[in-house]
Amino acid sequence: ILNPEGMGRAFINTLLVALPATILPILIASFAAYAFAWLDFKGRQWLFALLVTLQIVPLQMTLIPIARLYVQLGLESTFLGIWLFHTGFGLPYAIYLMRNFLGSLPKEIFESVYLDGANHFTAFRRLAIPLSMPAIASLGIFQFLWVWNDFLVAKIFLSNKPVLTVQITNLIDPRGANWHILTGAAFLSFIVPMIVFFAFQRYFVRGLLAGSVKG
């Protein structure tokens, strides 16, 4: 990590990208999923169907328009820009997964807390979030691994602050040099995702099955 080839800085940049880009979509998706599952508002089903449809939009199709927009807004090569990008593309699946999980919870549990005088925010904070921890953990694994291993988005939107995947490609020498650094860099790039996966693996299968069975 402390070698002069910039791997230490790249490791920190990767953490600065991956952590907020994992927390933000999960936080927003939790609020949205609760609204879709337990609030009754006009156009709810159509809006949810639109969110599900957004999952088929290819990421590569939006790179040029968003890059141009970022230039106009001054967000090019900023952490905020890449956080917003990963959050936007992570939200459709995150909302879909969380909504299915929350919608599969027994309705009587929420009716009981409403009868006790709790409002929606209290029910969300004290009931929905604790009960949906398997889905949140599973979603966090997926989102973190996707952002951590991302190359294309980081290369385009954060070129002046290279992350691990980008910095590793910068070290590749066609003459075969830097092989010892590449070995250490490869180990550094996969050890953190492995730690995250094994730390939350007990929630993984439960989260994958979130919402698959009603009741």
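Scoring rules and cut-offs
- Residues numbered from 1 in each chain as written.
- Predicted model: local features only at pLDDT ≥ 70, side-chain atom pairs only at ≥ 80, totals over all residues.
- Heavy atoms only, no water.
- Helix = DSSP H or I, 4+ residues; strand = E, 2+ residues; numbered from the N terminus.
- Buried < 20%, exposed > 50% of the residue type's maximum accessible area, 1.4 Å probe, protein only.
- Contact = heavy atoms within 4.5 Å.
- Areas by Shrake-Rupley, 256 points an atom, 1.4 Å probe, with all protein chains shown as cover.
- Salt bridge = Lys/Arg side-chain N within 4 Å of Asp/Glu carboxyl O.
- Phe/Tyr/Trp six-rings, centres within 6.5 Å; stacked < 30°, edge-to-face > 60°.
- Lys NZ or Arg CZ within 6 Å of the ring centre and 35° of its normal.
- Patch = residues over 30% accessible without salt bridge, like charges linked within 9 Å, V, L, I, M, F, W, Y side chains within 5 Å.

Undergrad: Can you explain the overall build of the protein? Please cite residues and give values.
TA: Assigned secondary structure in the protein consists of eleven helices and zero strands. Listing the helices and strands of the protein from first to last along the sequence gives α-α-α-α-α-α-α-α-α-α-α. For the protein, the residues scored as buried account for 42% of the 215 residues in total. Of all intrachain contacts in the protein linking residues separated by at least 6 positions in sequence, the fraction that spans at least 24 positions is 79%. Accessible surface, the protein as shown: approximately 12,200 Å² in total, 70% of it carbon and sulfur.

Undergrad: With reference to specific residues and values, describe the pattern of salt bridges.
TA: Pairs can form between side chains of opposite charge once their charged atoms are near each other. As enumerated under the stated definition, the model contains one salt bridge in all. In this structure, Glu-111 and Lys-107 form a salt bridge, with 4.0 Å as the shortest nitrogen-oxygen distance. In this pair, Glu-111 and Lys-107 are both assigned in helix H5 (residues 107-115), four residues apart and thus about one turn of the helix distant.

Undergrad: Residue-level account of the packing of aromatic side chains, with values.
TA: Evaluation of the coordinates by the stated rule reveals 14 aromatic pairs. Relative to Phe-41, the ring of Phe-36 lies with its centre 5.9 Å away and its plane at 50 degrees, an arrangement referred to as tilted. For Phe-36, a relative accessible area of 6% translates into the label buried. Every member of this aromatic cluster is reached through a ring pair, and the members are Phe-31, Tyr-34, Trp-38, Phe-110 and Phe-124. Sitting over the ring of Phe-48, Arg-99 keeps its end group 4.5 Å from the ring centre.

Undergrad: How would you sum up a nonpolar patch on the surface? Please name residues and give values.
TA: There is a patch of nonpolar side chains on the surface, built from Leu-19, Ile-23, Leu-24, Leu-27, Ile-28, Phe-31 and Phe-121 and spanning about 650 Å² of accessible area. Sort the elements by how many residues they give to the nonpolar patch and helix H1 (residues 7-38) lands first, with six residues. In this structure, Leu-24 sits in helix H1. Judged by relative accessible area, Leu-24 falls into the partly exposed class, the value being 31%.

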